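# Structure assessment
Chain residues, written in single-letter form:
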Amino acid sequence: MSTTKSREFNFAEVNSILIDVYLNKNSIEAQVNRILEHNLVFENNNYQQWLLKAVSVLDLTTLSGDDTRSNVRRLCVKADRPLPELNIDIKTAAVCVYPSRVSDASDTINRMQKQDVKIASVATGFPSGLYDIETRTLEIKYAVSCGAHEIDVVIDRSLVLTGQWLKLFNELKQMKEACKDAHMKVILGVGELGSYENVYRASIVSILAGANFIKTSTGKEAVNATLPVGLVMCRAIKRCYQDYNIKVGLKPAGGIKTARDAVNWLILVQSELGPEWVTPEYFRIGASSLLDEIKKELKLLSTNY
């Protein structure tokens, strides 16, 4: 999976990158439009391949207050065989659940002997992040002990809004330590960060603190994953890769409702970062209903051949 950083960063190094960040909103949105216009997908077979790739990078998610053992088990079965009606041998990248449901997912996947489906757990006071750091790290340790391979941690957005970058950096380092061998996906909550500059800075801090992925949203905010925000996060990923040889992934989540939305995200990431980033190792889409929309598109394509 994602490459870990080769050395520890001190905050003085991190802070030097955060100074004098300015991003032009209109320019960013125009760049996204140009990328999509130059990579239009019309031909059926090509579109089908993009859709299948989208399925392979899904973190199939259930984060509801009424989650039970039985619906988590169904989710795991669905992750292992997401397209049974089309007789296509493909799996989603992971299932994503609350910490209290990780053991249910782990038991199911172990019984199925399908270790290639990863278990992701949200943690650290999801979705607000407004809990003491000790409580949040304990939640990470609990999820890992129950069998989670990946932990989707959520930052305290107030630290970004008030410019407390050192505190955010230190909290993320503590979360990374609590994850042990599990990969850490850092949820920024971009819809609540106030500006593209804050999204960029929060991305840089997260990466240099040890993130394996940076993730747009919890899916619970009023504004979640948007392509312009995705481009800003890609630029932070590219900078850390070019300057420090740190390679991390991107996970948009929330608001990705249609098959075409998913394909547009894949096109954006491939255009900005390269084809190796549109794999489960470096790209995920967090979604609950998206798979059904992709199925509909694939069925329509199959009838048109």
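In the block above lies the structure referred to throughout.
Now for a description of the structure that goes with this document. This structure is a prediction, so every number in the text was calculated from the model and none was measured.

Cut-offs and rules
- Residues numbered from 1 in each chain as written.
- Predicted model: local features only at pLDDT ≥ 70, side-chain atom pairs only at ≥ 80, totals over all residues.
- Heavy atoms only, no water.
- Phe/Tyr/Trp six-rings, centres within 6.5 Å; stacked < 30°, edge-to-face > 60°.
- Helix = DSSP H or I, 4+ residues; strand = E, 2+ residues; numbered from the N terminus.
- Buried < 20%, exposed > 50% of the residue type's maximum accessible area, 1.4 Å probe, protein only.
- Contact = heavy atoms within 4.5 Å.
- Pairing = 2+ DSSP bridges.
- Right-handed = clockwise from strand over helix to strand, strands pointing away.
- Polar contact = N/O pair within 3.5 Å; in protein donor to acceptor, adjacent residues only side chain to side chain.
- Core = buried A, V, L, I, M, F, W, Y, C linked by side-chain atoms within 4.5 Å.
- Axes fitted to C-alpha atoms, helices over the stretch in contact; angles between N-to-C directions.
- Parallel < 35°, antiparallel > 145°, perpendicular 65-115°, else oblique.
- Nonpolar A, V, L, I, M, F, W, Y, C, P; charged D, E, K, R; others polar.

### Details of the packing of aromatic side chains
Throughout the structure, instances matching the rule amount to 5 aromatic pairs. Taking the centre distance of 6.0 Å and the plane angle of 45 degrees together, the rings of F11 and F169 count as tilted. With F11 in helix α1 (residues 11–18) and F169 in helix α8 (residues 165–179), the pair connects residues that are 158 residues apart, well separated along the chain. Counting every residue linked through ring pairs, the aromatic cluster contains Y241, W277 and Y282.

### Things to note about the environment of S158
Among the secondary structure elements, S158 is positioned in helix α7 (residues 157–161). C-alpha of S158 to C-alpha of T279: the two residues are 121 residues apart in sequence and 32 Å apart in space.

### A few points about helix α5 (residues 102–112)
Taken together, the buried positions of α5 are occupied by V102, D104, A105, S106, T108 and I109. Packed against the buried residues of α5 are α4 (69–80), β2 (94–97), β3 (118–123) and α6 (133–145). After α5 finishes, the residue Q113 shows a positive phi value of roughly 55 degrees.

### Points about the pairing of strand β1 (residues 58–61)
Here β1 shows a buried face lined by L58 and L60 and a second buried face lined by D59 and T61. Examined bridge by bridge, β1 and strand β8 (residues 285–287) share 3 bridges and lie parallel to one another. By the bridge assignment, D59 is partnered in β8 with G286. Examined bridge by bridge, β1 and β2 share 3 bridges and lie parallel to one another. Its bridge partner lying in β2, D59 is registered against A94. Taken together, β1, α4 and β2 constitute a β-α-β crossover, and its handedness is right-handed.

### Side note on the side chain of T216
Turning to its location among the elements, T216 is positioned in the loop between β6 (213–215) and α10 (227–244). For T216, a relative accessible area of 0% corresponds to the buried category. For T216, the side chain forms a polar contact with the side chain of S217, separated by 3.0 Å. Non-local contacts of T216, meaning those with residues more than four positions away in its chain, are made with I187, L188, G189, V190, A225, M233, K251, P252, A253 and W265.

### A closer look at the nonpolar core
Counting 102 residues, the largest nonpolar core has V95, I151, L172, L208, L250 and I285 as its most contacted members. Excluding its chain neighbours within four sequence positions, the residues that come into contact with V95 are L60, L75, C76, A79, A105, I109, V117, K118, I119 and A120. V122, F126, V154 and I187 belong to the second largest nonpolar core, which has 7 residues in total.

### Considerations on the sheet that holds strand β5 (residues 183–187)
The parallel open sheet is built from 8 strands, whose spatial order is β7-β6-β5-β4-β3-β2-β1-β8. The strands lining the two open edges of the sheet, one partner per strand, are β7 (249–251) and β8. Strand-to-strand, the axes of this sheet are offset by a mean angle of 25 degrees, without reference to chain direction. With 5 bridges connecting them, strand β4 (residues 150–154) and β5 associate as parallel partners. From the neighbouring strand, V153 faces β5, where its bridge partner is V186. Against the sheet, α6 contacts β3 and β4, and its axis sits at roughly 160 degrees relative to β4.

### Examining the side chain of R136
Considering the arrangement of structural elements, one finds R136 in helix α6. Residue class for R136 comes out buried when judged on its relative accessible area of 1%. The contacts of R136, once residues within four sequence positions are left out, are T124, G125, G129, Y131, V154, D156, E171 and M175.

### Notes on the pairing of β3
Along any regular strand the residues' side chains alternate between the sheet's two faces. The element β3 is largely enclosed, with a buried count of 5 among its 6 residues. Alignment of β2 against β3, held across 4 bridges, turns out to be parallel. Each residue of the ladder has a partner; that of V95, found in β3, is I119. The pairing of β3 with β4 spans 4 bridges and is parallel. Following the sheet pairing, S121 is matched in β4 by I151.

### Topic: the packing of helix α2 (residues 25–37) against α10
The contact between α2 and α10 brings their axes to 9 Å, and the two run at 95 degrees. Classified by the interaxial angle, the pair formed by α2 and α10 is roughly perpendicular. On α10, the residues touching I28, E29, Q31, V32, I35 and L36 of α2 are L227, P228, L231, V232 and R235. Residue composition of the contact of α2 with α10, grouped by class: 8 nonpolar, 1 polar and 2 charged.

These results come straight from atomic positions and should not be treated as a statement about function.
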